[in-house]
Structure formats: structure tokens, C-alpha cells
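# A closer look at the structure
Chain by chain, the residues run as shown.
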Amino acid sequence: MKLFISADMEGLAHVTTSSEVNREHVDYKYFCEWMSTEVATVAEAAMKKGFKEVFIKDGHASGRNIIPSHLPSKTKLLRNWTGDPLLMMAGLDKTFDGVAFVGYHSAAGHAGNPLAHTVSGQKISHLKINDQIASEFLLNAYTAAYYGVPVIAISGDAAVCREAKKWIPSIISIPVKEGIGTATISMAECDVLDLIREKMHTFDKKVLADCQLYLPEAFDIELKFSRYHYAFQASFYPGVTLKDDYTIQYHTEDYYEFLRMFMFVMKG
Ligand SMILES: [Zn+2]
């Protein structure tokens, strides 16, 4: 079996402020070590449960946060950005048996993490898919569904873990942090790692089918930007219309077309 891990930083235990996830800042290096440890622990625990190979997409900012020397044998690491529409899921295809999210966090438009955002903290006020606020969890879980790969586990803040359970009740949920206002509460690092090992140990390949999320037949997308000129520019993408000065709408029956649109309007 092959596992795909998409890893982020804002949902890691203890991570609280933007300085801690920004490579220009002195706070950042410590949390790269910690990100690497959380990711490596998930990968090792998955291999104990029968996964023979773990492919890791470093999905935060530069895509170059994980320290390669921390990763165990039989892992592969995708660093930087490929430029294709899968974004934090780049490298995923139908050959994988499961997806796990590490360091995931609450969405723009929701509480639960002082660093709550969706893809861009600067640009996006909210992303809605079929009238519901979509987090990076949902965005990327739908990408997994597009390739028919089940999402078996998520670690991150308690809010995103609750959201994930709502969508995939059989998912292994590993809440490692609670966000309160601009603060966070997390367990000791050794206890976080024990929790990851314990929860991953409950994985049973019999539940793989229950962890399969199915795509809706159509997608009504609403994307609200923080500045009106982002919406104006995005409105020139084929099929996109302005709902109001700050908000664009898009309808498609093909999730990949949404991902393509999203990549281009986020780059503009
Ligand atoms: Zn993120």
C-alpha cells in the first residue's frame, strides 16, 4: 500500500503566530524541526500498519519546510511547487491507497486557530463550495476523491479535526492543538507524538472504503477576496462572474476545472 501525506504548518502542535511559519523570521527554524518530526511520526506509524511507501508533499508556503534528514526510509518528499492545479496535493494519483493530512488548520471564515486561513491568508476572506465554507481539508479531500483515494487520517487543530469527522466519520482524527482567540493550547511534544502513534495504530485497511469521500455532482464556487481588485482580475477567467465587488462565482461539474480556475486566479 502507498500513502500520500499532504503537510502544512499552521495546524501543527504549538504553532501560534505567523512569525513561526515564516522563513524570514527567527522563530521559524524550530517549527521546521517540529513539522518534520510530526510528519515522520505519521509516516513511520503508517508503515507499521502495512504501508510500504509514503509520499510526502510539503504544502506550506515555499514548499521547503520539512528537513529531509528527519524522514524515515521508504519515504519520498516533494519540495517546492510543481505549477500544476493540485497545489498541496501535487504528486497524488490513482495509484495511492490512502491520504493523510498533517498540520492542517481551520478555514478562512472560521475560528479555531489564530492562523485560520484558506490557501492565502492575504487574499481570501472565504471560499465556499456548494454554500459551505471550505477549508484546505475539504479542498484537498475532494482532490483525493477525484482520484478515488480515501482520506484515512488528519492531524491538526481541533476545529479542522471536527470538520473532517463531519465529512468522513471513519477518518482517524488527531487533534494536537486548540485555538483560543490569538492563543493556542497544545500537549507536550512527547505526548503529541504518542497520540499520533496511538491513533495511527487504530488504522485497519478494512475501513479504507469507509474513508472514501464522494464528489458532489456539481460545484457552485464562491470566492470572496480581501480586496476588490483581486475579484475584478479573477472575473476574466472563463466562466467566472462577479457576485459583488469582492466576490466571484464559478460553476462546474468537473472538480479539476475548479482546481484549474483556482490556481490561475490565486496566481493573478
Ligand atoms: Zn494552510
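Everything here concerns the structure above.
Being a predicted model, the structure only gives us computed values, none of them experimental. (Residues numbered from 1 in each chain as written. Predicted model: local features only at pLDDT ≥ 70, side-chain atom pairs only at ≥ 80, totals over all residues. Heavy atoms only, no water.)

## Side note on the overall build of the chain
The condition is simple: Here a strand is any run of E in DSSP of at least two residues, a helix any run of H or I of at least four, and the numbering for each starts at the N terminus. What the globule rule says is 2.2 Å times the number of residues to the power 0.38, and the radius of gyration is computed from C-alpha atoms. Remark: exposure states derive from per-residue accessible area (1.4 Å probe, protein chains only) relative to the maximum for the residue type, with buried under 20%, exposed over 50%, and partly exposed in between. Note on contacts: a residue pair qualifies if any of its non-hydrogen atoms lie within 4.5 Å across the two residues.
Along the chain, the regular secondary structure elements total six helices and twelve strands. The C-alpha radius of gyration computed for the chain amounts to 18 Å, which stays within 12% of the reference 18 Å derived for 268 residues, consistent with globular compactness. Seen through its C-alpha atoms, the chain measures out along the principal axes to roughly 50 × 40 × 30 Å. Per-residue burial for the chain yields a buried fraction of 54% across its 268 residues. Considering only intrachain contacts with a sequence separation of at least 6, the fraction spanning at least 24 residues in the chain is 66%.

## Section: the pattern of salt bridges
For clarity, the threshold we go by: The working definition used for a salt bridge is a side-chain nitrogen of Lys or Arg within 4 Å of a carboxyl oxygen of Asp or Glu.
Taken as a whole, this structure holds four salt bridges when the rule is applied. One salt bridge in this structure joins Lys206 and Asp204, with 4.0 Å as the shortest N-O distance. Lys206 sits in the exposed class, given a relative accessible area of 70%. Classification of Asp204 by relative accessible area gives partly exposed; the value is 32%. Taking the shortest distance from any N to any O, the salt bridge between Glu257 and Arg260 comes out at 2.9 Å. Pair noted here: Glu257 and Arg260 are both in helix H6 (residues 255-267), with a separation of three residues, about one helical turn. Under the relative-accessibility criterion, Glu257 is labelled partly exposed at 25%.

## Some remarks on the coordination of the zinc ion
When four donors bind a metal tetrahedrally, each ideal donor-metal-donor angle is 109.5 degrees, and when six bind octahedrally, the ideal angles are 90 or 180 degrees. Worth spelling out the cut-off: Because no water is among the atoms considered, metal sites can look incomplete, with donors defined as N, O and S atoms within 2.8 Å of the metal, or 3.2 Å for Na, K and Ca. Working rule for geometry: tetrahedral if four donors all subtend angles between 85 and 135 degrees; square planar for four, octahedral for six, if opposite donors exceed 155 degrees and the others stay between 65 and 115; irregular in every other situation.
Of the protein atoms, only Asp8 (OD), His105 (NE2), Glu136 (OE) and Glu136 (OE) coordinate the zinc ion, at distances of 1.9 to 2.7 Å. Classification of the site at the zinc ion rests on its four donor atoms, whose angles at the metal span 51 to 139°, yielding the label irregular. Expressed as a motif, the donor residue spacing for the zinc ion is D-x96-H-x30-E. On the criterion of sequence distance, the pair formed by Asp8 in the loop between strand S1 (2-7) and helix H1 (28-48) and Glu136 in helix H2 (residues 136-146) is long-range, its members being 128 residues apart.

## Overview of H1
We apply this condition: Here, expected helix span is obtained from the residue count minus one, scaled by 1.5 Å.
For H1, which comprises 21 residues, the first-to-last C-alpha distance of 31 Å matches the rise-based estimate of 30 Å (1.5 Å per residue) to within 8%. Burial within H1 is extensive, with 15 of its 21 residues counted as buried. After H1 finishes, the residue Gly50 shows a positive phi value of roughly 110°.

## Regarding the packing of H2 against H6
Rules: Where helices are involved, their axes are fitted lines through C-alpha atoms of the stretch in contact, as for all axes, and angles between N-to-C directions lie from 0 to 180°. Any angle between 65 and 115 degrees counts as roughly perpendicular, while under 35 counts as roughly parallel, over 145 as roughly antiparallel, and the rest as oblique. Throughout, a crossing is termed right-handed when the near helix is turned clockwise from the far one, and left-handed when it is turned anticlockwise from it by less than a right angle. Each residue gets one label: Ala, Val, Leu, Ile, Met, Phe, Trp, Tyr, Cys and Pro are nonpolar, Asp, Glu, Lys and Arg are charged, and the others, such as Gly, are polar.
One way to put it is that H2 packs onto H6 with a least axis distance of 10 Å and a crossing angle of 135°. On the basis of the axis angle, H2 is oblique to H6. As for the relative orientation of H2 and H6, their crossing is left-handed in sense. Between H2, through Leu138, Leu139, Tyr142, Thr143 and Tyr146, and H6, the contact on the second element is made entirely by Tyr255, Tyr256, Phe258, Leu259 and Phe262. Partitioning the contact of H2 with H6 into residue classes produces nine nonpolar, one polar and no charged.

## Observations regarding the sheet that holds strand S2 (residues 53-58)
The criterion, for reference: For two strands to be treated as a pair, DSSP must find no fewer than two bridges joining them.
In space, the seven strands of this open sheet follow the order S3-S2-S1-S4-S7-S8-S9, with mixed pairing throughout. Strand pairing shows two members of the sheet lacking a second neighbour, strand S3 (75-78) and strand S9 (183-186), which therefore form its edges. Averaged over all pairs of adjacent strands, the angle between strand axes in this sheet comes to 20°, irrespective of strand direction. As defined by bridge partners, strand S4 (residues 98-104) adjoins strand S7 (residues 151-157) across four bridges and the pair is classed as parallel. In the strand pairing of S7, Phe101 is matched with Ile154. Lying over the sheet, H1 contacts S1, S2, S3, S4, S7 and strand S8 (172-180), oriented at roughly 165° with respect to S1. In the packing of H2 onto the sheet, contacts are made with S4 and S7, and the angle to S4 comes to roughly 165°.

## Thoughts on the pairing of strand S10 (residues 219-225)
For S10, the tally of buried residues reaches five of seven residues, placing the bulk of the element in the interior. Pairing geometry for strand S5 (residues 124-129) and S10, over five bridges, is antiparallel. Paired with Ile129 across the strands is Ile221, a residue of S10. By the bridge criterion, six bridges tie S10 to strand S12 (residues 247-252) in an arrangement that is antiparallel.

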